[in-house]
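Observations on the model geometry
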Amino acid sequence: MKTKIQELRKKHKLSQEELALAVGVTRQTITSLECEKYTASLVLAYKIARYFHMAIEDVFDFSEVEVFENGTI
Amino acid sequence: MEQYKDKLKKRLFFLTSCLILYIVANCVMYVYVGTKGNVNITNFIQGFQFGIGFVVMALFVYHITNYVSALRNEKKLKNIYIEETDERKLMIYQKSGSAGMTFAIGGLAGASVLAGYYDTTIFFTLLGACFFVATIRAVLKLYYQNKY
């Protein structure tokens, strides 16, 4: 999943380690999120969004997520 | 974090008890086998037992010292907490554990079929191990289905 974590982190002059410590995960998790290799859980997404004082959908890009509409995907 | 501290203290107690029990059990077995036992134990098995015993004890001591120092140092405590609760790490453990069990069952089943052509004892041993792993998997699956 695409995210704006790297962009926001650079804007706030934060290292991956600092962000990881602030939201309670390892640095590798932040790296994986930024590289789009791992999708954050709802709780982690909430923590990251709250850390940057933003809404979840402003940090994480849900446009490519397949959703059911009228019974079809 | 206080809850996690309590959890670590309980773990510390459990690990220390296990370590003491393990040392006592090993000493008793060593004395029993060495003096009264009529078990024909080879040097290889003794070496293996010693090696495994040493590794287990080293792991216990490592975790005990790690937990003791974490309980005295807030920064280390937080690091251990993060390492243990990191969702990506947990997902990796779960996925590798699940896939590992599937491969183990498949490997044991395949090996038991092959062993059946050569030796009955090996066949039944592998079959038993296969059923044991499969049973554990089934029980865990049922447990987690009820839990979540």
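Keep in mind that what you see is a predicted model, and the values were worked out from it rather than measured. (Residues numbered from 1 in each chain as written. Chains lettered and ligands numbered in written order. Predicted model: local features only at pLDDT ≥ 70, side-chain atom pairs only at ≥ 80, totals over all residues. Heavy atoms only, no water.)

Evaluated as defined, the whole model comprises five aromatic pairs over all chains. When the centroid spacing of 5.4 Å and the interplanar angle of 85° are considered together, the rings of A:Tyr51 and A:Phe52 count as edge-to-face. Relative accessible area serves as the criterion here: at 34%, A:Tyr51 is assigned to the partly exposed category. By relative accessible area, which is 5% here, A:Phe52 ends up buried. Where B:Tyr4 meets B:Tyr81, the ring centres are 4.9 Å apart and the plane angle is 75°; that geometry is what we call edge-to-face. Pair noted here: B:Tyr4 is in helix H1 (residues 2-36) and B:Tyr81 is in helix H3 (residues 74-85), with a separation of 77 residues, a long-range link. Counting every residue linked through ring pairs, the aromatic cluster contains B:Tyr143, B:Tyr144 and B:Tyr148. (Phe/Tyr/Trp six-rings, centres within 6.5 Å; stacked < 30°, edge-to-face > 60°. Buried < 20%, exposed > 50% of the residue type's maximum accessible area, 1.4 Å probe, protein only. Helix = DSSP H or I, 4+ residues; strand = E, 2+ residues; numbered from the N terminus.)

This part takes up the confidence of the model for chain A. Per-residue confidence for chain A gives a mean pLDDT of 91; residues scoring 70 or more make up 96%. Confidence scores differ between elements of chain A, with helix H5 (residues 56-59) of chain A showing the lowest mean pLDDT of 93 and helix H4 (residues 42-51) of chain A the highest of 96. (pLDDT = per-residue confidence, 0-100.)

For the rest of this paragraph, the subject is the side chain of A:Arg9. All names here are of chain A. For Arg 9, the position within the fold is in helix H1 (residues 5-11). What makes Arg 9 buried here is its relative accessible area of 7%. Beyond its immediate chain neighbours, meaning those up to four positions away, Arg 9 contacts Leu 14, Ser 15, Gln 16, Leu 19, Glu 34 and Phe 52. (Contact = heavy atoms within 4.5 Å.)

The next thing to look at is the interface of chain B and chain A. Listed as interface residues are eight residues of chain B and, on the opposing side, 12 residues of chain A. It is B:Ile82, B:Glu87 and B:Arg88 that lose the most area in chain B upon contact with chain A, and together they represent 63% of the buried surface on that side. Counting every contact that joins chain B to chain A gives zero salt bridges. Run the count over chain B and chain A and you get six residue pairs in polar contact (both at pLDDT 80 or more). Within the residue set of the side of chain B that touches chain A, elements represented by two or more residues are H3 and helix H4 (87-115) of chain B. Here the side of chain B that touches chain A takes four residues from H3(B), the largest share from any one element. By residue class, the composition of the side of chain B that touches chain A is two nonpolar, one polar and five charged. (Buried area = accessible area lost by both parts, 1.4 Å probe. Salt bridge = Lys/Arg side-chain N within 4 Å of Asp/Glu carboxyl O. Polar contact = N/O pair within 3.5 Å; in protein donor to acceptor, adjacent residues only side chain to side chain. Nonpolar A, V, L, I, M, F, W, Y, C, P; charged D, E, K, R; others polar.)

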